[in-house]
Amino acid sequence: MIKAVKILNDLQNLFFPITCLGCSEIIGPSSASICVECRHQLPLTQFINTNANPTEKILYGRVKIENAASFLRYYKKGIVRELIHNLKYRGHQELGTLFGKWIGVEILNSVRFKNIDYVIPVPLHKKKKKERGYNQVAKFGKEIADQIAANYSEEILYNIKFSKTHTRKNRSERVSDLKNRFLYNDNINLKGKHILLVDDVITTGATMESCIIAFPKDQNIKFSIITIAITT
């Protein structure tokens, strides 16, 4: 039986080879979606244990946060862009799991990100989620929550305003478009809790700002932020 399964797997790899989601080269089934060369080329930020890092500076003076960090640097061309596009638009949710596990371990060992109660992904509007078929940061957030033994929920924050992509909008346009976009579920008591908001890429910070201001201000809720990447 085991031999038959191996033969079937070998035939599948022969006719439907697995390719790296960073460079499209053929890789083995044990390479976890990214080849060794691409992994070595990933532009890691080292922000996890760095105070006043660029991710935190984006939100200075706008909303109060405990800590923030991004894992990779996002350039207009390169491996990270290809990986994010594969995650976001091409159905490769396994990348969310891969990065969530990777970052989750770093958070667990971090001297800054402590005592997180809930991990919440930035929500998609139900229409956009239906079109795409999934929230690209759901598995990312779930894996982080599992690694750090925190609660994970998609029932606390809702996106109630549909719009097209923000990619080509400046900060003021994004803020205007995101105004009153997110709705907090007040049936859940988060008084005094520490929330970790997660997203794929942070650019102007408008999305994270809008998420945070949707929460009630009288419940002493603390916020930290993790994104897969930060634009440069």
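Structure first, text after, so check above.
Residues numbered from 1 in each chain as written. Predicted model: local features only at pLDDT ≥ 70, side-chain atom pairs only at ≥ 80, totals over all residues. Heavy atoms only, no water.

S.K.: Looking at this structure, I do not really get the overall build of the chain. What am I missing?
M.R.: Assigned secondary structure in the chain consists of nine helices and seven strands. Counting over 232 residues, the chain shows a buried share of 48%. Residue pairs at least 24 apart in sequence account for 74% of intrachain contacts in the chain once pairs closer than 6 positions are excluded. For the chain, the computed accessible surface area is about 12,800 Å², with 52% contributed by carbon and sulfur atoms. (Helix = DSSP H or I, 4+ residues; strand = E, 2+ residues; numbered from the N terminus. Buried < 20%, exposed > 50% of the residue type's maximum accessible area, 1.4 Å probe, protein only. Contact = heavy atoms within 4.5 Å. Areas by Shrake-Rupley, 256 points an atom, 1.4 Å probe, with all protein chains shown as cover.)

S.K.: Can you help me understand the pairing of strand 7 (residues 222–231) in this one?
M.R.: On a regular strand, one side chain projects to one face of the sheet and the next to the other, so that they alternate. Counting buried residues in strand 7 gives eight out of 10 residues, a clear majority hidden from the surface. Across six bridges, strand 1 (residues 68–74) lies against strand 7 in parallel orientation. Note on strand 7: the bridge partner recorded for Arg73 is Ile230. Taken together, the eight bridges between strand 6 (residues 194–202) and strand 7 define a ladder with parallel strand orientation. When the bridges of strand 7 are listed, His194 appears paired with Lys222. Between the parallel elements strand 6 and strand 7, the chain passes through helix 9 (residues 206–213) in a crossover that is right-handed. (Pairing = 2+ DSSP bridges. Right-handed = clockwise from strand over helix to strand, strands pointing away.)

S.K.: Is there a simple way to explain the pattern of salt bridges in this structure?
M.R.: A pair can form between side chains of opposite charge whenever their charged atoms are brought close. Taken as a whole and assessed by the stated rule, the structure comprises six salt bridges. A salt bridge links Glu209 to Arg62, with the shortest nitrogen-to-oxygen separation between them at 2.8 Å. In this pair, Glu209 is assigned in helix 9 and Arg62 in the loop between helix 3 (54–58) and strand 1, connecting sequence segments 147 residues apart. Here Glu209 and Arg62 have matching classes, each one buried. Residues Lys142 and Asp146 are paired through a salt bridge, measuring 3.0 Å at the closest nitrogen-oxygen approach. Here Lys142 and its partner Asp146 are both found in helix 7 (residues 138–148), four residues apart, which amounts to about one turn of the helix. Using a relative accessible area of 37% as the deciding quantity, one classes Lys142 as partly exposed. (Salt bridge = Lys/Arg side-chain N within 4 Å of Asp/Glu carboxyl O.)

S.K.: Just to check I follow, could you spell out the environment of Pro43 for this structure?
M.R.: Of note, Pro43 is situated in the loop between helix 2 (36–41) and helix 3. Ignoring any residue separated from it by four or fewer positions in sequence, one finds Pro43 in contact with Phe71, Leu72, Arg73, Tyr75 and Val80.

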